[in-house]
Amino acid sequence: MRSRDWDVVVVGSVNADLVVGVDRRPAPGETVLGSDLATHPGGKGANQAVAAARLGGRAGLVGRVGGDGHGELLRGALAADGVGLAHLATTPDAPTGVALITVGPDGDNSIIVSPGANARLGPDDVAAARAMIAGAAVVSFQLEVPLPAVLAAARVAADAGGRIVLNLSPPAPVPDELLALCDPLVVNEHEAAYLLGEDGDGDPRAMAAALVRSGPRSAVVTLGADGVVIADGAAAPVRIASPKADAVDTTGAGDAFTAALCLRLARGDSLPDAARYAARAGAAAVRKAGAQSSFPTPEELPPAVP
């Protein structure tokens, strides 16, 4: 394979995360008091680009922000982590995307995303970023940006011989053409059940095997603290344990996992070895508050589980 300019290019969202801690989440019609509001750089696309860069990867981002203060904040944070921003466009007439996040005492979160400028990312942005996308060993996607942009970029990556990783989050229908390009498709248990419908029987190994039968070349089902299950159709699904961690905030842990997975695949690791490394990154990310602020450097990764 020819030399690549980028280890990982992410085509995805850029959001400001507005985070409030709560003792419990309100019931419908109820008001509860929370902590002081904290604003953090976020968005699944930006998160994955930052996480890959912080682990030592050459990472680029294709996305959009608004012409507002949040956009300036996010652009500055991405640049500080060394993410390539030549194709992070500004949409003057739209706000930057925002995620409204509540974090409970156990570290679990609930998230509402207002896409803002992310919803304006389209095939024209992909055409402008063609050289960057084609120059990546791995191109990573999520579904916080419009599907036409994702599909157009996946086609560019496939034509250039790049490896395509899709994190089906938030879950939504995707065409068979896109599924067939995924190597792997990355989902949590809820996303797997959504995609499989009646085949989502709750057994992670069965889910992973069923996902591969549904179209992607390989699949990874993440299980939070319980690790991950991987399947590629060549052998029985394999379960990989995650290092133990005291969770402070799980926001962004899945993005840290996916970014680390993409980076190690770009460096030539097998899928099981890449998933073992990624599980360490995901475990490290839950130990601190925030998304990007929690992402580890290589020195901060916990030891692998034997």
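Preceding this paragraph is the structure being described.
What this report covers is the structure whose coordinates are included nearby. Worth saying up front: this structure is predicted, and the values here are computed from it rather than measured.

The next point concerns the side chain of asparagine 167. Its location among the elements puts asparagine 167 in strand E9 (residues 163-167). Only 3.0 Å separates the side chain of asparagine 167 from the backbone oxygen of valine 186, close enough to count as a polar contact. Once you skip the residues sitting within four places of it in the chain, asparagine 167 turns out to touch Lys44, Gln48, Phe141, Gln142, Leu143, Val186, Glu191, Asp255 and Thr258.

Right, let's get into the nonpolar core. Membership of the largest hydrophobic core comes to 48 residues, with the highest contact counts inside it found for Val14, Leu61, Leu78, Val83, Val220 and Leu261. For this core, the leading source of residues is helix H9 (residues 253-266), giving 10 residues. Ignoring any residue separated from it by four or fewer positions in sequence, one finds leucine 78 in contact with Val14, Ala46, Val50, Leu61, Val83, Leu85 and Leu88. Within the second largest apolar cluster, 44 residues are counted, among which are Val9, Val11, Ile133 and Leu196.

By the definition in use, this model includes 0 aromatic pairs. When the ring centre of tyrosine 277 is taken as origin, the NZ or CZ atom of arginine 264, which lies over that ring, is 5.2 Å away.

The buried fraction of E9 amounts to 4 of the 5 residues, a majority that puts the element mostly inside the structure. By the bridge criterion, 4 bridges tie strand E8 (residues 136-141) to E9 in an arrangement that is parallel. Each bridged residue has a counterpart across the sheet, and for phenylalanine 141 the counterpart in E9 is leucine 166. The parallel pair E8 and E9, bridged by helix H5 (residues 147-159), forms a crossover whose chirality is right-handed. Pairing between E9 and strand E10 (residues 182-188): 3 bridges, direction parallel.

Where strands meet in a sheet, backbone hydrogen bonds hold them as pairs that are either parallel or antiparallel. Read from one edge to the other, the open sheet built from 9 strands follows the order E5-E4-E1-E8-E9-E10-E11-E12-E13, with strand pairing classed as mixed. Unpaired on one side and paired on the other, strand E5 (84-91) and strand E13 (238-240) mark the two borders of the sheet. Sheet twist, expressed as the mean angle between neighbouring strand axes with direction ignored, is 20 degrees. Against the sheet, helix H1 (residues 44-54) contacts strand E1 (6-11), strand E4 (59-66), E8 and E9, and its axis sits at roughly 150 degrees relative to E4. Where H5 meets the sheet, it contacts E1, E8 and E9, and its direction lies at approximately 160 degrees from that of E8.

A separate point is the environment of proline 216. Take proline 216: it is sitting in the loop between helix H8 (204-213) and strand E11 (219-222). Leaving out residues up to four positions away in the same chain, proline 216 has contacts with Leu179, Cys182, Leu185 and Leu211.

Ordered by their spatial adjacency, 4 strands build an open sheet running E3-E2-E6-E7, and the pairing between neighbours is mixed. On the outer flanks of this sheet lie strand E3 (38-42) and strand E7 (109-114), each paired with one strand and no other. On average, each strand axis in the sheet is inclined to that of its neighbour by 25 degrees, with strand direction left out of account. Taken together, the 5 bridges between strand E2 (residues 15-21) and E3 define a ladder with antiparallel strand orientation. Bridge assignment links leucine 18 to a residue of E3, and that residue is threonine 39. Running at roughly 55 degrees to E3, helix H2 (residues 69-80) makes contact with E2, E3 and strand E6 (97-103) of the sheet.

Structurally, tryptophan 6 is set in strand E1. Residue tryptophan 6 is classed as partly exposed on the basis of its relative accessible area of 22%. Among all residues touching tryptophan 6, those that are not within four sequence positions of it are Arg58, Ala59, Gly60, Gly84, Met132, Gly135, Ala136 and Ala137.

Reading the values: the criteria
- Residues numbered from 1 in each chain as written.
- Predicted model: local features only at pLDDT ≥ 70, side-chain atom pairs only at ≥ 80, totals over all residues.
- Heavy atoms only, no water.
- Helix = DSSP H or I, 4+ residues; strand = E, 2+ residues; numbered from the N terminus.
- Polar contact = N/O pair within 3.5 Å; in protein donor to acceptor, adjacent residues only side chain to side chain.
- Contact = heavy atoms within 4.5 Å.
- Core = buried A, V, L, I, M, F, W, Y, C linked by side-chain atoms within 4.5 Å.
- Buried < 20%, exposed > 50% of the residue type's maximum accessible area, 1.4 Å probe, protein only.
- Phe/Tyr/Trp six-rings, centres within 6.5 Å; stacked < 30°, edge-to-face > 60°.
- Lys NZ or Arg CZ within 6 Å of the ring centre and 35° of its normal.
- Pairing = 2+ DSSP bridges.
- Right-handed = clockwise from strand over helix to strand, strands pointing away.
- Axes fitted to C-alpha atoms, helices over the stretch in contact; angles between N-to-C directions.

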